[in-house]
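# Overview (structure and organization)
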Amino acid sequence: MEILSRVHAMNLVRWAKDKPEVLVLSADLTSSTEIDLFRDAYPDRFLSMGVAEQNMLSFAGGLAREGFFPFVHTFAVFIYRRAYDQIAMSVAYPNLPVRMFGFLPGVTSPGGASHQAIEDIALMRVLPNMTVIECADATEIETVLDVVQAVPGPVYVRMLRGEVPRLFDASEPMRLGKLRTVVDDQPSGKVDVAIFSSGICTEEAMRATEALRAHGVSIRHLHLSTHKPLDVAAVARAAARTRHGVITMENHVITGGLGSAVAEVMAEAGIGKRLVRIGLRDTFVHGASRAYLMKEYGLDAAALIRHTEKLLDTQFGISEADLAQVRLEAVHSDAKAEAL
Amino acid sequence: MARSRIKQAVIHDGQPGAKRGRGANRSDAWQDEARRVARGIRRRVLDHVLRNKGGYLSQACSAAEILATLYTKVLNLGPVEGPLLPGPFPGVPGVAYQGVSPGSAFHGPRTPYYDRFILSPSQYALVLYAALIEAGRMDPDGLMQFNRDGSTVEMIGAAHSPGHELMSGSLGQGLSQAAGIAYARKRKGDSGRVWVLMSDGEFQSGQTWETLQAMAFHKVDNLGIYVDVNGSQCDGRMLDVMNVEPLDQRLKAFGSRVYRVDGHDLDALAAPAARKPDGRPLVVLAMTDTCREMEILRANAPKFHYFRLKNDADFRRYQELLASMR
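Being a predicted model, the structure only gives us computed values, none of them experimental. (Residues numbered from 1 in each chain as written. Chains lettered and ligands numbered in written order. Predicted model: local features only at pLDDT ≥ 70, side-chain atom pairs only at ≥ 80, totals over all residues.)

This paragraph deals with the overall build of chain B. Per the secondary structure count, chain B includes nine helices and nine strands. On C-alpha atoms alone, chain B measures out to a radius of gyration of 19 Å, which is about the 20 Å that the 2.2 N^0.38 rule sets for 326 residues. Counting the 326 residues in chain B, one finds 52% classified as buried. Put simply, of all contacts in chain B between residues at least 6 apart along the chain, 81% involve residues at least 24 apart. (Helix = DSSP H or I, 4+ residues; strand = E, 2+ residues; numbered from the N terminus. Rg over C-alpha atoms; globule rule 2.2 N^0.38 Å. Buried ≥ 20, exposed ≤ 12 C-beta atoms within 10 Å, placed from the backbone. Contact = placed C-beta atoms within 7 Å.)

Here's what the structure looks like:
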């Protein structure tokens, strides 16, 4: 698997080159959110706002009212937990094109509960006018800016930084409101299980589905990068055409995010299938490595194997060694930012 | 549909030289006009309060001269084609309209050279509506729609309400948004300035100080803030609820250019706005009285935030007061 480094940092500089109306706002996490190259390339379009997120979000609303496109960058938690009222009234209500890039979602941050955005999708999804996007790989990071900029209103992007894999072909850009088919063993018929995954869980799901398919399980694995607006018809279609049920997998609490969204679609469409939601179960997390936390909280490939076995009432005897190679980030790589 | 009830503002080819109240050929009796506007604000708000058995009355007492000075002297706003009648609630942004809110039509057309005026404490909406009527920008009948279902003349002003352009009802957000607007206008080279009316209670909020810090840092000097320092808030005296004084020293420490003036003295209120911007955010602390020209209101101390008529005797006393003001 190809691993790329600092994809957003370089992509943003290239993409924003001829867009003088794009301003980047930082809350003292410039290197940590990969906007240092932008700052150096276009210092006049870089606004340092300090550790003051409430003003940053309302100020961004003011900029957007005057024709600018503020690209707000900070850690995901600091966007919505510190400035939710400001987002609601200064940005979402007036439907302004403020673009919010939230970094280090969920267990990707070793910074502990204060730094881990585990309910951001839920809170942003319920805001009227808000578009909610999550990136899972280098291809999505490279193509998300065009997707974002085509939206007339506010957009929240759950972003990845540092070393990221390329899961999807570089020629297949992210598309707003469209599910990506990762695997479909029966494009025109029923499969044993449909899997919906988002963000870093898609990489985990890909590791598991290979092993499950080797044991004869037919799978439809769909990757979701647009939480809102949700591709309701595609979710319903995929969920209905299953023999055993549906599994969702997200780096987020299971309430309010992807699992809830799929449940809402299934219930409204009257799809009487089992639904298993993999994610954080009403718990905060603690500071540790991503791999450790994914294992501890059951968000990894092994968790998907276990839940599939349970859904199918079978034991495949798949071991960790049978799973596709785990991607381990070098602890001292350049991508591991010194400051969280 | 909603727009059809709002008379469209005429796009006026105004230039900086044609500034209302600031040009060379203007009458030097703007103070007379401002005094008339201030009297009208108090009278209209009291009349409204009597009809509705209550309302935001002390805000009219404290802010009448500030608003009168703004509308007759400080603000360089484009004209409206006669007093506008507010339309019904048009729907929310992104659904009913995108961009400029219907409420801002009352401040005339938007051009690079006209000023913008933003009311931050939205509970002052009633006082602002009265000011718009006195300034000839809103039809007096518009006030009859106050707080009526389906009306834009809301009790807590919203983006679509007359004289409003954004949501500032959650206190502390008005200045931040205005600062973003001012920064953007400066960047675009607009000569028009941005003016914000704030309440002193908003200086209890952290976001206000975040904004002042950012305005000083980014040299947002095309924004002027008038603060109605009436020392009063919902729970009572600010000195008893949460003190913000010495506000002038605190603001200076944050890099602002501060003037503390008598908030009922028209010349004192107008003077700081005439100074040339010098890189610092301009803050005018207008020291005001919540009972100005309505002495009988003082019996309600220390609660002035919202006024309620308690009984018939009360009603008669305030009716007599209103009669004496005509």
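Let us now look at the sheet that holds strand β3 (residues 46–48) of chain A. Residues and elements named next belong to chain A. Strand order in this open sheet of seven strands is β3-β2-β4-β5-β7-β6-β12, and the pairing throughout is mixed. Among the strands making up the open sheet, the edge pair consists of β3 and β12 (226–228). In this sheet, neighbouring strand axes are inclined to one another by 20° on average, regardless of whether the strands run parallel or antiparallel. Relative to strand β4 (residues 69–75), strand β2 (residues 22–26) runs parallel, the two sharing five bridges. In the sheet register, leucine 23 faces β4, and the bridge partner there is proline 70. (Pairing = 2+ DSSP bridges. Axes fitted to C-alpha atoms, helices over the stretch in contact; angles between N-to-C directions.)

Our focus in this paragraph is the sheet that holds strand β9 (residues 180–184) of chain A. Residues and elements named next belong to chain A. Here five strands make up an open sheet; going across it, the order is β9-β11-β10-β13-β14 and the pairing mixed. The sheet terminates laterally at β9 and β14 (275–280), the two strands that pair on one side only. Looking at each pair of strands side by side, their axes are set apart by 15° on average, direction ignored. Two strands pair when backbone bridges link them, and strand β10 (residues 191–197) and strand β11 (residues 219–223) are joined in this way by five bridges, in the parallel orientation. Across the sheet, residue serine 197 finds its bridge partner in β11, namely histidine 223. Packing against the sheet, helix α9 (residues 258–269) makes contact with β10, β13 (242–253) and β14, and its axis sits at approximately 145° to β13. Helix α11 (residues 301–312) rests against β10, β13 and β14 of the sheet, and its axis sits at about 150° to β13.

In this section: the environment of isoleucine 254 of chain A. Residues and elements named next belong to chain A. Mapped onto the elements, isoleucine 254 comes out in the loop between β13 and α9. With 50 residues separating them in the primary sequence, isoleucine 254 and leucine 304 have C-alpha atoms 14 Å apart. Discounting chain neighbours no more than four positions away, the residues touching isoleucine 254 are Gly259, Arg277, Gly279, Leu280 and Arg281.

All names here are of chain B. With respect to the element layout, methionine 155 can be found in the loop between α3 (125–134) and α4 (173–188). Remark: the alpha-carbon pair of methionine 155 and isoleucine 118, spanning 37 residues in sequence, is separated by 16 Å. Look past the residues within four positions of methionine 155 in its chain and what remains in contact with it is Ala125, Phe146 and Asn147.

Quick look at the packing of helix α7 (residues 200–214) of chain A against α11 of chain A now. Residue and element names in this part refer to chain A. Running from amino to carboxyl end, α7 crosses α11 at an angle of 45°, the nearest separation of the two axes being 8 Å. Of the possible angle classes, the one that applies to α7 and α11 is oblique. Every pair of crossing elements has a handedness; the one defined by α7 and α11 is right-handed. Mapping the contact onto sequence places Glu204, Ala205, Arg207, Ala208, Ala211 and Leu212 in α7 and Ala301, Leu304, Ile305 and Thr308 in α11. For the contact of α7 with α11, the class distribution of residues is seven nonpolar, one polar and two charged. (Parallel < 35°, antiparallel > 145°, perpendicular 65-115°, else oblique. Left-handed = near helix turned anticlockwise from the far one by under 90°. Nonpolar A, V, L, I, M, F, W, Y, C, P; charged D, E, K, R; others polar.)

For the rest of this paragraph, the subject is the nonpolar core. Within the largest apolar cluster, 193 residues are counted, with the highest numbers of intra-cluster contacts made by Ile41, Leu67 and Val127 of chain B. Residues in contact with valine 127 of chain B, not counting those within four places in the same chain, are Ile41, Val45, Tyr56, Gln59, Ala60, Ala63 and Leu67 of chain B. (Core = buried A, V, L, I, M, F, W, Y, C linked by C-beta atoms within 7 Å.)

Bringing the interface of chain B and chain A into the picture now. Taken together, the contact between chain B and chain A spans 25 residues of the former and 24 residues of the latter. Residue assignment for the side of chain B that touches chain A shows that the elements contributing at least two residues are α4 and α5 (206–217) of chain B. The leading source of residues in the side of chain B that touches chain A is α4 of chain B, at 11 residues. Class assignment of the residues belonging to the side of chain B that touches chain A gives a composition of 11 nonpolar, 11 polar and three charged.

Residue and element names in this part refer to chain A. Over its 12 residues, α9 runs 17 Å from end to end, which matches the ideal 16 Å to within 8%, given 1.5 Å per residue. Along α9, the residues classified as buried are Leu258, Gly259, Ser260, Ala261, Val262, Val265 and Met266. Of the surrounding secondary structure, the elements contacted by the buried residues of α9 are β10, β12, α8 (232–240), β13 and β14. Just downstream of α9 lies glycine 270, where phi reads positive at about 70°. (Expected span 1.5 Å × (residues − 1).)

With that out of the way, let us pick up the pairing of β2 of chain A. Residues and elements named next belong to chain A. Among the five residues in β2, five count as buried, and that is most of the element. Residues Val22, Val24 and Ser26 point to one face of β2 and Leu23 and Leu25 to the other, with burial holding for every one of them. Pairing geometry for β2 and β3, over three bridges, is parallel. Paired with leucine 25 across the bridge in β3 is leucine 47.

Residue and element names in this part refer to chain A. Split into domains, chain A comes out as domain 1 (3–165) and domain 2 (180–322). Taking only C-alpha atoms into account, the centre of domain 1 sits 27 Å from that of domain 2. Facing 24 residues of domain 1, the contacting portion of domain 2 comprises 29 residues. Every element with two or more residues in the side of domain 1 that touches domain 2 is listed here: α5 (120–125) and β6 (131–134). (Domains from an automatic or database assignment.)

Predicted confidence across chain A gives a mean pLDDT of 94, with 95% of residues reaching 70 or more. Contacts of residues 330–338 of chain A to residues separated by more than four positions or lying in other chains number 12 contacts, the stretch itself having pLDDT below 50. (pLDDT = per-residue confidence, 0-100.)

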